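# Structural characterization, general
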Amino acid sequence: MIGDIPVGSEHPVVVQSMTNTDTADISATAGQIRSLADAGSELVRVTVNNEESAKAVPYITERLEQAGCTVPVIGDFHYNGHLLLTRFPECARSLAKYRINPGNVGTRHRDKNFITIIEQAIKYDKPVRIGVNWGSLDQTLLTGMMDENSKRNDPLDARTVMISAMVESAMRSARLAEETGLGHDRIILSAKVSGVRDLVEVYRKLAGISDYPLHLGLTEAGMGTKGIIASTAGLSVLLQEGIGDTIRVSLTPKPGGDRTEEVQVAQQILQSMELRRFNPQVTACPGCGRTTSTLFQKLADDIWAYIHSQMPQWRSRYPGVEGLKVAVMGCVVNGPGESKHADIGISLPGTGEAPKAPVYIDGIHTRTLQGETIAKDFQEILDTYIEKKFGRDRVGLGIRD
Ligand code: SF4
């Protein structure tokens, strides 16, 4: 449990994200946590990198509570976590989980500092993520494993040793945490790299040797389409194999960009893999030479925007609406077929076709639209369909109808 969010076992894969505000700025950080939570982030992590941040954390969680935002807040610690968590007990108490990077807990007193953090987790009954990162891998461990490897008759390549060192670092730290007294079910592991193939390999190894819940994510995935595609590629392979209990998509936003994009991408990955349902899906064909107008592109876009704008109300009013499938197709080649597979679908007229748009509901051709009001009429049909199919939410013991 992270706060009141279960992670691991058969529980749904959880979406998480991280703020990029200065944690010492209470107002900005609380505001961004709320935006991320509103966008669907079920856990939000903040960096706790200095005394000012540690002092700010309890005020941030208090503000969230006052605003009715219950998202668990996770503290990300590097280098000085042992000091901050002991010197600022209110910070330790108000966080829902601590993230420790075993490569960043000091060199001389590594185990002592690590144990201090674990003791705080035990004291305040908090779970811990042991988050290994290849950019800050425990160098003593890696050097030792490289030396050992060089003595083998058939030395492995450096990449293989590095992946083994990441797995070993995570497992060694988990053992030490349990020996210190932290419960087996209070530990989550991650081992982040920035290459997709490395990611798949390291997580397959971790999943093969342990039953700790796994936090998946590429580190430094990058900007724009590169970051989205690399994250999707890596996470999808693992999720398809049943590996991963919580995911974060580490996108670099453009200056002034929307931080919640990473939440939308994470949700879309899980929904595309049919592991979770967050929003109705609009299937649209790519269009081709058979569609000489942009009518169907505009309709697909308008329908998506309409659904997106309505979802905050629909979610509570129409339970199950997140599973709705809508198809908007450009012509009759694939239009009727795709429409039949959706809950509700429309196939617009392509070049040379009669100016009519057949509408399919639950696989049956029920209406044909035409004229200037196709978009408006289709939206009305959609509204009626949603009301009929999902508009029976339970209130108390009765059924609202
Ligand atoms: S459904 Fe029609 S318009 Fe859309 S891509 Fe296929 S052939 Fe082209």
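Residues numbered from 1 in each chain as written. Predicted model: local features only at pLDDT ≥ 70, side-chain atom pairs only at ≥ 80, totals over all residues. Heavy atoms only, no water.

You can see S136 is positioned in the loop between β5 (128–133) and α6 (139–150). Judged by relative accessible area, which is 18%, S136 ranks as buried. Of the polar contacts made by the side chain of S136, one reaches the side chain of N101; its length is 2.7 Å. Beyond its immediate sequence surroundings of up to four residues, S136 is in contact with N101, G103 and N104. (Helix = DSSP H or I, 4+ residues; strand = E, 2+ residues; numbered from the N terminus. Buried < 20%, exposed > 50% of the residue type's maximum accessible area, 1.4 Å probe, protein only. Polar contact = N/O pair within 3.5 Å; in protein donor to acceptor, adjacent residues only side chain to side chain. Contact = heavy atoms within 4.5 Å.)

A word on α6. Relative to the 16 Å expected for 12 residues at 1.5 Å per residue, α6 spans 16 Å between its end C-alpha atoms, a close match to the ideal helical length. Among the residues of α6, those classed as buried are L141, L142 and N149. Projected onto a plane normal to the axis of α6, the buried residues spread over an arc of 95° and lie on a single side. Considering only its buried residues, α6 is in contact with α7 (158–180). Sitting at the head of α6, D138 places a side-chain oxygen 3.1 Å from the backbone nitrogen of T140. (Expected span 1.5 Å × (residues − 1). Arc of directions from axis to C-beta.)

A word on the confidence of the model for the protein chain. Taken over all residues, the pLDDT of the protein chain has a mean of 92, while the share at 70 or more is 97%. Contacts of residues 394–401 to residues separated by more than four positions or lying in other chains number 10 contacts, the stretch itself having pLDDT below 50. (pLDDT = per-residue confidence, 0-100.)

This part is about the sheet that holds strand β12 (residues 325–329). Ordered in space as β11-β12-β13-β14-β15, the 5 strands form an open sheet in which the pairing is mixed. Every interior strand has two partners, whereas the edge strands, β11 (281–284) and β15 (364–369), have only one. If you compare each strand with its neighbour and ignore which way they point, the axes differ by 20° on average. Pairing between strand β14 (residues 357–361) and β15: 5 bridges, direction antiparallel. The residue bridging V359 from the neighbouring strand is R367, located in β15. Its contacts with the sheet place helix α11 (residues 295–317) against β11, β12 and β13 (344–347), and it is angled at close to 160° to β12. (Pairing = 2+ DSSP bridges. Axes fitted to C-alpha atoms, helices over the stretch in contact; angles between N-to-C directions.)

The phi angle at D125 is positive, at roughly 55°, despite the residue not being glycine. On the secondary structure map, D125 appears in the loop between α5 (110–123) and β5. Overall, the relative accessible area of 55% leaves D125 in the exposed class. Its identity is not glycine, yet D362 carries a phi of approximately 50°, on the positive side. Inspection of the secondary structure assignment puts D362 in the loop between β14 and β15.

The next point concerns the pairing of β13. Both faces of β13 are covered, namely the face carrying I344 and I346 and the face carrying G345 and S347. As paired elements, β12 and β13 share 4 bridges and run parallel to each other. Bridging from a neighbouring strand, A327 pairs with G345 of β13. In terms of handedness, the path from β12 via helix α12 (residues 335–341) over to β13 forms a crossover that is right-handed. Across 3 bridges, β13 lies against β14 in antiparallel orientation. Looking at the pairing, I344 lines up with I361 of β14. (Right-handed = clockwise from strand over helix to strand, strands pointing away.)

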